[in-house]
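A look at the structure
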Amino acid sequence: MGKYQDLAKEIVKYVGGKENISSLTHCVTRLRFRLKDESKADDETLKNMDGVVTVMKSGGQYQVVIGNHVPDVYADVLSVAGISEDAELAPAKGNIFNRLIDILSGCFQPFLGALAAAGMVKGLNALFIFLGFYEQTSGTYIMLNGIGDSIFYFMPVILGYTAAKKFKLNPMVGIVIGAALVYPTVQGPALQSGFEAANQGAAAPLSLLGLPAYESFLGIPWVGASYTSSVIPVIFIIAFAGQVQKFAKKIVPTVVQTFVVPFMVLLIALPIGFLAIGPIVSLLTEWLSAGFQALMDFSPALYGGVLGFFWQVLVIFGLHWSIIPLAIMQLAQNGSSQMLVGVFGASFAQTAVVLAMYFKFKDKKMKALCMPAFISGIFGVTEPAIYGITLPKKTPFIYSMIGGSLSGVYLMMSGTTGYTMGGLGIFGVVNFISGSDASGMYNAFIGIAIAATIGFTLTFLLWKDTEEVVPEKKESKIKEIVKTPIQGGIASLSEAKDQAFAKGALGRGILIYPEKGEVVAPFDGTVMTLFPSKHAIGLVSESGLELLIHVGLDTVQLQGKHFESFVKQGDKVKQGDVLLRFDINAIESEGYSVETPVIITNSADYLDIVENQSKIVTNGDELITALT
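These numbers were taken from a predicted model, which means no experiment stands behind them.

1. Topic: the packing of aromatic side chains
Per the counting criterion, the structure on display carries 13 aromatic pairs. Taken together, a centroid distance of 4.9 Å and an interplanar angle of 85° make the contact between Phe 309 and Phe 310 edge-to-face. Judged by relative accessible area, Phe 309 falls into the partly exposed class, the value being 24%. Connected via pairs of aromatic rings, a cluster forms that spans Tyr 358, Phe 359, Phe 456 and Phe 460. The lysine or arginine in question, Lys 360, covers the ring of Phe 460, its NZ or CZ lying 5.6 Å from the ring centre. Across from the ring centre of Tyr 358, 4.6 Å away, lies the NZ or CZ of Lys 367, which sits over that ring.

2. Regarding the side chain of Thr 351
Here Thr 351 shows up in helix H14 (residues 346–360). A relative accessible area of 3% places Thr 351 in the buried class. If we skip the residues at most four places from it in the chain, Thr 351 touches Phe 374, Gly 377, Ile 378 and Thr 382.

3. Some thoughts on the pattern of salt bridges
In total, this model carries seven salt bridges according to the counting rule given. The partner of Lys 516 in a salt bridge is Glu 518, and the shortest N-O contact between them spans 3.6 Å. Where salt bridges share partners, they join Arg 508, Asp 608 and Glu 611 into one cluster.

4. A look at the sheet that holds strand S18 (residues 578–582)
Across a sheet, paired strands are connected by hydrogen bonds in the backbone, their directions being either parallel or antiparallel. An order of S12-S18-S16 is seen for the three strands of this open sheet, with the pairing classed as antiparallel. Each having just a single partner strand, strand S12 (518–520) and strand S16 (563–565) make up the two edges of the open sheet. The average undirected angle you get between the axes of adjacent strands in this sheet is 15°. Inspection of the sheet shows S12 paired to S18 by three bridges, in the antiparallel sense. Across the sheet, residue Val 520 finds its bridge partner in S18, namely Val 578.

What counts and how
- Residues numbered from 1 in each chain as written.
- Predicted model: local features only at pLDDT ≥ 70, side-chain atom pairs only at ≥ 80, totals over all residues.
- Heavy atoms only, no water.
- Phe/Tyr/Trp six-rings, centres within 6.5 Å; stacked < 30°, edge-to-face > 60°.
- Buried < 20%, exposed > 50% of the residue type's maximum accessible area, 1.4 Å probe, protein only.
- Lys NZ or Arg CZ within 6 Å of the ring centre and 35° of its normal.
- Helix = DSSP H or I, 4+ residues; strand = E, 2+ residues; numbered from the N terminus.
- Contact = heavy atoms within 4.5 Å.
- Salt bridge = Lys/Arg side-chain N within 4 Å of Asp/Glu carboxyl O.
- Pairing = 2+ DSSP bridges.
- Axes fitted to C-alpha atoms, helices over the stretch in contact; angles between N-to-C directions.

By themselves these figures say nothing about function.
So this is what it looks like as structure tokens:
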């Protein structure tokens, strides 16, 4: 495990435990959970956790915003939760729109890093051509162009894999479907030229949906489309193939499923994909792209202004995934796209607002947050700025939206066009270079200047930090007593066999070696959590102290055996009430230790935690004193 294992354990715990996680992915800054029951996640605890920026819920995903180091946290969460990185992604629940957004984001997120990297290679290649470092006919250009273009050209193959995981299809079959879609002789131009060569340029004899068909399959018109670099058709074909596989597994004997099921999937899904799904989806996506293009043609300024204004809001809720695939499709098919040009300045407006707030904040802690968020924003990662600084203050966030909007108006009116999807933030300026024409890059710099100037100026002149600086807490004599919940011997928590407890990852407390298998309430309060296995119970006192009593090590594996509970989650309890009983001898005979950590999980809320220094305690003795 990596250096974020303690944070990972806390995250897994407060999303409802590993048993509540259906699947997990991540993007640039967020862990994206699919939870079985979102109500089991503790939103407020996660939001206030060190290392977590905030929590968002959108598109059926429970999103824990981490920051730039999310890949490292993701790896540790996978390890803690016992999730394979190749695990199939759970389908989203909710309305059709949420499911569509979830499908698109789930298909694209796994390779966004590679997509950005390839785009950066193309952008640098364009920059080097513009600077005259080499010619387009040189081997250097050809190699770099191949590296940058490959992910776009073979997009159906990559999406075949990611979509297969999304729709619970064998990923290798998904790759084969994607590869079949880019096979040279089945592309529309190849079919057309083959027909015309054989028939001396005659018109297509067949048609479907008003489209020409130059070949037929078993007498059915086959409309030839070009699927290299396409985006949407493969996702729909994979979705259909997933249903075919589900059906095939029901009727094919288990002993031959390994090869017969893929055989059936390919033989059914691909012909239907080529004959019906592909042409229909291609036609619909062309209409949708034409609609966006018509809006741009009607008023580039309106399009850029509206999209630039709302872009950060769309990103917050994950709704930007309804637009990004269309931009990728346009870029892959046409070599250029204006669909996302209007949003380029939005992140710089956000970043400039944070810089202005740095000069206006009275609170030194908030000032300290600004500079890391500013630096991160320069490189296009604005989640720390949004969730940690501007959004909680509301008005500065609106100022950033205004800056993004006016930048979008300029970029669209100037005719700026994107030629690749490369790096985020400042690295994105090379996206607008075409051959020897760098005017788009110059426009991008102007767009950055507009967004940053407006965002900074509005915030610096109009926003005031009206919140008073809260003085640091001074030590007081107010204390809360935790009485002994289990009779037995006690020791320092650092002596616990479980290192998570020993190192204080879950909070400060004490270790009990039970002599009597009974847990009683250590104070008046409420049962906050009762694990189904009954081995652990969480309580909160009337004054807000949160206590975890964890009976034994790995006793969760007993699944409630040898444990009996007398309360349920949400019950009010009085000090001394019996909460649990457990059979010490039976638990130890099965090879488990009954050493019991008693931990104040919100230890950070207290100035000091003082543990009982005796060797043995009985019910009612003062076990822990928390000073506030």
